[in-house]
Amino acid sequence: MKDSPIFICVISILFPFILLFGFYVIINGHNSPGGGFQGGAILATAALIIYFVHPERITNLNLLIKIEKLSFMGLLIVVSLSYLTRGTFFTNFIPLGSSVDMKKIFLIVLNFIIAIKVALGFITIFSTFIKEGER
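Below is a summary of the structure that appears in this document.

**Some details on the packing of aromatic side chains**
Applying the stated rule across the entire model yields three aromatic pairs. Look at Phe23 and Phe112: their rings are 6.2 Å apart centre to centre, the planes differ by 35°, and that puts the pair in the tilted class. Of this pair, Phe23 sits in helix H1 (residues 5–27) while Phe112 is found in helix H4 (residues 100–134), placing the two residues 89 residues apart along the sequence. Arranged with centres 5.9 Å apart and planes meeting at 75°, the rings of Phe37 and Phe122 form a pair that is edge-to-face. Taken together, the residues Phe37 in helix H2 (residues 36–53) and Phe122 in helix H4 connect sequence positions 85 residues apart. Owing to a relative accessible area of 47%, Phe37 belongs among the partly exposed residues under this scheme. Given a relative accessible area of 27%, Phe122 falls into the partly exposed group. Aromatic rings pair up to connect Phe37, Phe122 and Phe126 into one cluster.

Now the structure itself:
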């Protein structure tokens, strides 16, 4: 199946659209259903379908795990900023009198950090399962 030219052609055509849809879900997560988790899962799916065609692309799992940990630390830092400004966690730290567009930026940044964490987590988990299955 991996060597099928039809499979490779379909994946090559679908890959950019899956990435585009993943970023669309992340960016519009504050206005519509979706957000960081759903967008991250879509981005992980895009990376994993490429993995089936080119398994050498995802080789350094330790690097992926380190980046995932850094994204988790970034998430903790962003949600902790609200504790410093408002006295509670997981709240928008931008002042109440700010424009709605400034408040949306907070949600979009949070969605991107969550999406990176989720995508790298899924890629790491499935890559580990695939590598264990090859033994």
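**With respect to H2**
Given 3.6 residues per helical turn, the α-helix brings residues three or four places apart onto the same face. With 18 residues, H2 should cover 26 Å at 1.5 Å per step; its first-to-last C-alpha distance of 26 Å lies within 8% of that length. Among the residues of H2, those classed as buried are Gly36, Gly39, Gly40, Ile42, Leu43, Ala44, Ala46, Leu48, Ile49, Ile50, Tyr51 and Val53. Summarising the contacts, the buried residues of H2 are in contact with H1 and H4.

Conventions adopted
- Residues numbered from 1 in each chain as written.
- Predicted model: local features only at pLDDT ≥ 70, side-chain atom pairs only at ≥ 80, totals over all residues.
- Heavy atoms only, no water.
- Phe/Tyr/Trp six-rings, centres within 6.5 Å; stacked < 30°, edge-to-face > 60°.
- Helix = DSSP H or I, 4+ residues; strand = E, 2+ residues; numbered from the N terminus.
- Buried < 20%, exposed > 50% of the residue type's maximum accessible area, 1.4 Å probe, protein only.
- Expected span 1.5 Å × (residues − 1).
- Contact = heavy atoms within 4.5 Å.

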